[in-house]
Amino acid sequence: MSKMLKVVLIGFAIYAAAAALVLHLYQADPENMSWQERETFNLKQIGRLDLGTQKDDVIRLLGSPDISEAKATDNGEVLILFYRTHHVKSDGITTRDECTPMLFKDGSLIAWGADAYSEYQSF
């Protein structure tokens, strides 16, 4: 094997190892993202959640919610965390219509989305 080919292969191996290390160790921090990056991040992460996920796990994954609401009902506590997922108006203010609502009952994720929020309002 020629000396040049060895240098190229060693360089590629070092690059691949560095890239793998960065991908393995990198932790996305929603608090330090632009609103566009955060929308994309939130959509991707919400799509990976399962019903029953604990509120603390969602906050750890997505960061602080953009908006929150809570209410005590005869069936337990209901908490809504709103996470920005889509752009509606360029006014610098995040509103409910730009967010995906996530409903928690007694600390567990029971539903998310606009239909779930509509049902919550009738509790």
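Residues numbered from 1 in each chain as written. Predicted model: local features only at pLDDT ≥ 70, side-chain atom pairs only at ≥ 80, totals over all residues. Heavy atoms only, no water.

Under an unreviewed UniProt entry, the protein has the name DUF3192 domain-containing protein and belongs to Pseudidiomarina gelatinasegens.

What follows concerns the side chain of Glu98. With respect to the helices and strands, Glu98 occurs in the loop between β2 (76-84) and β3 (99-105). On the accessibility criterion, Glu98 (1% relative accessible area) is buried. Among the polar contacts made by the side chain of Glu98, one reaches the main-chain amide nitrogen of Val88 at a distance of 3.1 Å. Those residues in contact with Glu98 that sit more than four places away from it in its chain are Tyr83, Arg84, Thr85, His86, His87, Val88, Lys89 and Ile93. (Helix = DSSP H or I, 4+ residues; strand = E, 2+ residues; numbered from the N terminus. Buried < 20%, exposed > 50% of the residue type's maximum accessible area, 1.4 Å probe, protein only. Polar contact = N/O pair within 3.5 Å; in protein donor to acceptor, adjacent residues only side chain to side chain. Contact = heavy atoms within 4.5 Å.)

Further remarks concern unusual backbone geometry. A positive phi is found at Asp106, a non-glycine position, where the angle reads about 50°. Assignment of secondary structure puts Asp106 in the loop between β3 and β4 (108-112).

Time to look at the environment of Lys105. Tracing the sequence through the fold places Lys105 in strand β3. Along the primary structure Lys105 and Arg60 are separated by 45 residues, whereas in three dimensions their C-alpha atoms are 18 Å apart. Each residue touching Lys105, except ones within four places of it in the same chain, is listed here: Asn75, Glu77 and Ile110.

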